Amino acid sequence: RLAHIQDRLEIVHGDLLDQDSLIELLREWHPQEVYNLAAQSFVPTSFSQPVLTGEVTALGVTRLLDAIRMVDPAIRFYQASSSEMFGKVVEVPQTESTPFYPRSPYGVAKLYGHWITINYRESYDLHASSGMLFNHESPRRGLEFVTRKISHSVARIKLGLDRELRLGNLEAQRDWGFAGDYVKAMWLMLQQDAPDDYVVATGETHSVREFCEIAFDHVGLDWQDHVVVDERFFRPAEVDLLIGDPKKALSQLGWKAETSFDQLVRMMVDGDITELEGDAIVNQPESP
Ligand code: G4F
């Protein structure tokens, strides 16, 4: 996923399970800002691998914060907190002061990471901020997540490579935004004089069903001819409805989502069609 900018990056290795590797990285590279986007981030996997998820997604944050405290407490730190911490929501929309009710080992682990960030900020005066990001998607999203699973499948069906798309809960509702917009909010948090916690969201919610409708319609197909509900993709405990209130991000960071839901869905389908057409050209047999 970094291929398009790889020539402008220097990639170095560290592991959230290995604190020495993090200390070594900070000592060698002297970063001014650290963004912790690393996690076991797929919710269904957190049910099958709850301990690993806790090690990486929860304790990994402590390892990184503690490495910063030891090596250079002036480093500014961003923690990728998640709307999954709101889980079985206790109020709508969710704000920075909404009580948490996670519904998966992933959500529980993210909640630990969120609170340890606040704890290190208050205990050691670190410039540590936490972004409670609602779902953020793009054509580079992994194929296991529902938005990309849909856009990729729509492209395959349109190009005659597939016929059906098997999904779980079509009624689940998410506040989906464009990842490119959300990264700006992360950066803005670390440019503030004081660290803080922010909800980053569009303020709109849509169902998986609506995502399918727009995606299939964009290529002239009817979703109902292709989508099959499959019990295998349902979760032991579901987050039914997420919708964030991004007022604080607007008033303090001057941030708001620029990309609409409709634009996001179309961008993802177009991305997959372009990619699959490119593959088809590459794989064409040479003419004699
Ligand atoms: O795309 P999803 O797997 O994302 P989910 O669980 O909301 O989590 C994502 O967003 C969070 C917030 O930013 C992140 F913290 C997290 O790491 C991840 O990036 O599922 C969205 C919804 C769920 O309700 C799921 O039950 O779509 C529903 N769904 C229905 N059918 C499906 C499917 N999800 C997947 N992955 N695959 C399906 O076939």
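Residues numbered from 1 in each chain as written. Predicted model: local features only at pLDDT ≥ 70, side-chain atom pairs only at ≥ 80, totals over all residues. Heavy atoms only, no water.

Engineer: Residues and numbers for the environment of serine 81, please.
Structural biologist: Structurally, serine 81 can be placed in strand 2 (residues 76-82). Overall, the relative accessible area of 4% leaves serine 81 in the buried class. A C-alpha to C-alpha distance of 15 Å links serine 81 and tyrosine 120, two positions 39 residues apart in sequence. Residues within four places of serine 81 in sequence aside, it is in contact with Lys110, His114, Ser130, Gly131, Met132 and Leu133. Separated by 3.0 Å, the side chains of serine 81 and histidine 114 make a polar contact. (Helix = DSSP H or I, 4+ residues; strand = E, 2+ residues; numbered from the N terminus. Buried < 20%, exposed > 50% of the residue type's maximum accessible area, 1.4 Å probe, protein only. Contact = heavy atoms within 4.5 Å. Polar contact = N/O pair within 3.5 Å; in protein donor to acceptor, adjacent residues only side chain to side chain.)

Engineer: Please set out helix 5 (residues 146-158) residue by residue, giving values where relevant.
Structural biologist: The terminal C-alpha atoms of helix 5 lie 18 Å apart, and with 13 residues this matches the ideal 18 Å at 1.5 Å per residue to within 8%. Those residues of helix 5 that fall on the buried side of the exposure criterion are Thr147, Arg148, Ile150, Ser151, His152, Ser153, Val154, Ala155 and Ile157. Where helix 5 ends, the next residue or the one after it, glycine 160, has phi of about 75°, a positive value. (Expected span 1.5 Å × (residues − 1).)

Engineer: Residue-level account of the environment of isoleucine 23, with values.
Structural biologist: With respect to the helices and strands, isoleucine 23 occurs in helix 1 (residues 19-29). Judged by relative accessible area, isoleucine 23 falls into the buried class, the value being 10%. Measuring from C-alpha to C-alpha, the distance between isoleucine 23 and threonine 205 comes to 41 Å, with 182 residues separating the pair along the chain. Discounting chain neighbours no more than four positions away, the residues touching isoleucine 23 are Ala67, Met70 and Val71.

Engineer: Give me the lowdown on the packing of aromatic side chains, citing residues and values where you can.
Structural biologist: For the coordinates displayed, the defined rule picks out 9 aromatic pairs. Where phenylalanine 211 meets phenylalanine 261, the ring centres are 5.8 Å apart and the plane angle is 75°; that geometry is what we call edge-to-face. Of this pair, phenylalanine 211 sits in helix 7 (residues 208-218) while phenylalanine 261 is found in helix 9 (residues 261-283), placing the two residues 50 residues apart along the sequence. In this pair, the class of phenylalanine 211 matches that of phenylalanine 261, namely buried. Above the face of the phenylalanine 145 ring, arginine 141 is positioned so that its terminal group lies 3.7 Å from the ring centre. Seen from the ring of phenylalanine 233, lysine 149 lies directly overhead, with NZ or CZ sitting 3.4 Å from the centre. (Phe/Tyr/Trp six-rings, centres within 6.5 Å; stacked < 30°, edge-to-face > 60°. Lys NZ or Arg CZ within 6 Å of the ring centre and 35° of its normal.)

Engineer: Lay out the site of the ligand with the relevant residues and their values.
Structural biologist: Every one of the 26 residues lining the ligand counts as a neighbour, but Ser41, Ser82, Tyr106, Arg235 and Glu238 are closest to it. In this structure, an oxygen atom belonging to the ligand sits 2.6 Å away from a main-chain N or O atom of serine 41. A breakdown of the residues in the shell around the ligand according to their chemical character gives 12 nonpolar, 7 polar and 7 charged. (Near = heavy atom within 4 Å. Nonpolar A, V, L, I, M, F, W, Y, C, P; charged D, E, K, R; others polar.)

Engineer: Quick rundown of the sheet that holds strand 2? Include the residues and the values.
Structural biologist: Strand pairs in the sheet, formed through backbone hydrogen bonds, run parallel or antiparallel to each other. Taken in spatial order, the 4 strands of this open sheet run 1-2-3-8, and their pairing is parallel. With one partner strand each, in any of the chains shown, strand 1 (33-36) and strand 8 (197-200) form the two edges of the open sheet. Taking the axes of each pair of neighbouring strands and ignoring which way they run, one obtains an average angle of 20° across the sheet. Relative to strand 2, helix 4 (residues 105-124) is tilted by about 150°, and along the sheet it contacts strand 2, strand 3 (127-133) and strand 8. This element, helix 6 (residues 179-190), spans strand 1, strand 2, strand 3 and strand 8 of the sheet and lies at about 155° to strand 3. (Pairing = 2+ DSSP bridges. Axes fitted to C-alpha atoms, helices over the stretch in contact; angles between N-to-C directions.)

Engineer: Give a description of the side chain of threonine 57 that names residues and reports values.
Structural biologist: Looking at where threonine 57 falls in the secondary structure, it is placed in helix 3 (residues 50-71). For threonine 57, a relative accessible area of 1% gives the class buried. Side-chain polar atoms of threonine 57 contact the backbone nitrogen of glutamine 40, separated by 3.1 Å. Apart from the residues within four sequence positions on either side, threonine 57 is in contact with Ala39, Gln40, Tyr106, Ala109 and Lys110.

Engineer: Let's hear about the packing of helix 5 against helix 7: which residues, and what values?
Structural biologist: Orientation of helix 5 relative to helix 7, taken along the N-to-C sense of each, is 30°, at an axis distance of 10 Å. As far as their axial angle goes, helix 7 and helix 5 are roughly parallel. Of the two possible hands of crossing, helix 5 and helix 7 adopt the one that is right-handed. Within the contact between the two elements, helix 5 uses Val146, Thr147, Ile150, Val154 and Ile157 and helix 7 uses Val208, Phe211, Cys212, Ala215 and Phe216. In terms of residue class, the contact of helix 5 with helix 7 is built from 9 nonpolar, 1 polar and no charged. (Parallel < 35°, antiparallel > 145°, perpendicular 65-115°, else oblique. Left-handed = near helix turned anticlockwise from the far one by under 90°.)

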